[in-house]
Amino acid sequence: PFLTRLDLCINNLKNNGTQLLAQGIRLACNLQELLLNSNEISDEGAWWIGQALANGSAPLVELYLRQNNITSCGAGLLGAGIRNKHTIRYLDLSENQVSARGLELLAHFLQASPLTRLELTENAKGHDFDRGKSLLRETLPLCDVIF
């Protein structure tokens, strides 16, 4: 049997653990679901995950990063990493620190994405958040974007 689902929620991975995990993700040829909720992952960790998915062979369909410390910068780094990963259908970045700038970066990098659901509830609202929401909805018209 091959590993298709990896649940490492609430494991305090932080960035160092995420860097080590990224090495394994690159080699995971059957991984479809990766759950990393509540691990104190920040922008650096988001970058590691994005790079692993961009350069690896995992046919990842669902990526859960709820309740971490990812800011707009990290959302952009993750988006850049997964923009050509045409297997991803679900991305959860809820309860992080993504602001309007992060929404703009996600819209830019994921515009050709086959995402069907993007969760961004309870993030850092701030100035121009509504504009970022509109941009995301326009850019991803077939995606259910949850704020």
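Here we summarise the structure given alongside this text.

### So, the overall build of the chain
When its secondary structure is counted, the chain shows 5 helices and 6 strands. The linear arrangement of helices and strands in the chain, starting from the amino end, is β-α-β-α-β-α-β-α-β-α-β. In terms of overall dimensions, the chain is globule-like: its C-alpha atoms have a radius of gyration of 14 Å, near the 15 Å expected for 147 residues. Along the first, second and third principal axes, the C-alpha atoms of the chain reach 45 × 30 × 20 Å. Sorting the 147 residues of the chain into buried and exposed places 49% on the buried side. Within the chain, counting contacts between residues at least 6 apart in sequence, those at least 24 apart form 87% of the total. The centroid of the 13 positive side-chain charges in the chain is displaced by 4 Å from the centroid of its 15 negative side-chain charges.

### Overview of the pattern of salt bridges
This structure, assessed with the given rule, holds 11 salt bridges. Two residues, Arg-66 and Glu-119, come together in a salt bridge whose shortest N-O distance is 3.4 Å. Residue Arg-66 is located in the loop between β3 (62–64) and α3 (72–82), and its partner Glu-119 is located in strand β5 (residues 117–119); the two are separated by 53 residues in the primary sequence. The exposure class of Arg-66 is partly exposed, given its relative accessible area of 23%. Note on Glu-119: relative accessible area 11%, which makes it buried. Two residues, Glu-119 and Arg-117, come together in a salt bridge whose shortest N-O distance is 2.9 Å.

### Observations regarding the side chain of Asn-68
Along the chain, Asn-68 turns up in the loop between β3 and α3. For Asn-68, the side chain forms a polar contact with the main-chain oxygen of Arg-66, separated by 3.3 Å. If near-sequence neighbours (up to four positions away) are discounted, Asn-68 is found in contact with Leu-36, Asn-37, Ser-38, Asn-39, Glu-40, Ile-41, Glu-95 and Asn-96.

### Some thoughts on the environment of Trp-47
Among the secondary structure elements, Trp-47 is positioned in helix α2 (residues 43–55). Taking the relative accessible area as the measure of exposure, Trp-47 reaches 34% and is therefore partly exposed. Distance from Trp-47 to Leu-20, taken between C-alpha atoms, is 13 Å for residues 27 residues apart in sequence.

### A closer look at the packing of aromatic side chains
Overall, the coordinates contain 3 aromatic pairs when judged by the stated rule. Each ring, one from Tyr-64 and one from Tyr-90, has its centre 4.9 Å from the other, and the planes form 45°; the classification is tilted. Remark: Tyr-90 occurs in strand β4 (residues 90–92) and Tyr-64 occurs in strand β3; sequence separation between them is 26 residues. For the pair Tyr-64 and Tyr-90, a shared accessibility class is recorded, and that class is buried.

### Looking at the side chain of Thr-121
Secondary-structure assignment places Thr-121 in the loop between β5 and α5 (129–139). Sequence-distant contacts of Thr-121, defined by excluding residues within four places in its chain, comprise Arg-66, Ser-94, Glu-95, Ile-146 and Phe-147.

Criteria and thresholds
- Residues numbered from 1 in each chain as written.
- Predicted model: local features only at pLDDT ≥ 70, side-chain atom pairs only at ≥ 80, totals over all residues.
- Heavy atoms only, no water.
- Helix = DSSP H or I, 4+ residues; strand = E, 2+ residues; numbered from the N terminus.
- Rg over C-alpha atoms; globule rule 2.2 N^0.38 Å.
- Buried < 20%, exposed > 50% of the residue type's maximum accessible area, 1.4 Å probe, protein only.
- Contact = heavy atoms within 4.5 Å.
- Lys, Arg positive; Asp, Glu negative; His and termini not counted.
- Charge placed at Lys NZ, Arg CZ, Asp CG, Glu CD.
- Salt bridge = Lys/Arg side-chain N within 4 Å of Asp/Glu carboxyl O.
- Polar contact = N/O pair within 3.5 Å; in protein donor to acceptor, adjacent residues only side chain to side chain.
- Phe/Tyr/Trp six-rings, centres within 6.5 Å; stacked < 30°, edge-to-face > 60°.

By themselves, these are just geometric observations and shouldn't be taken as functional.
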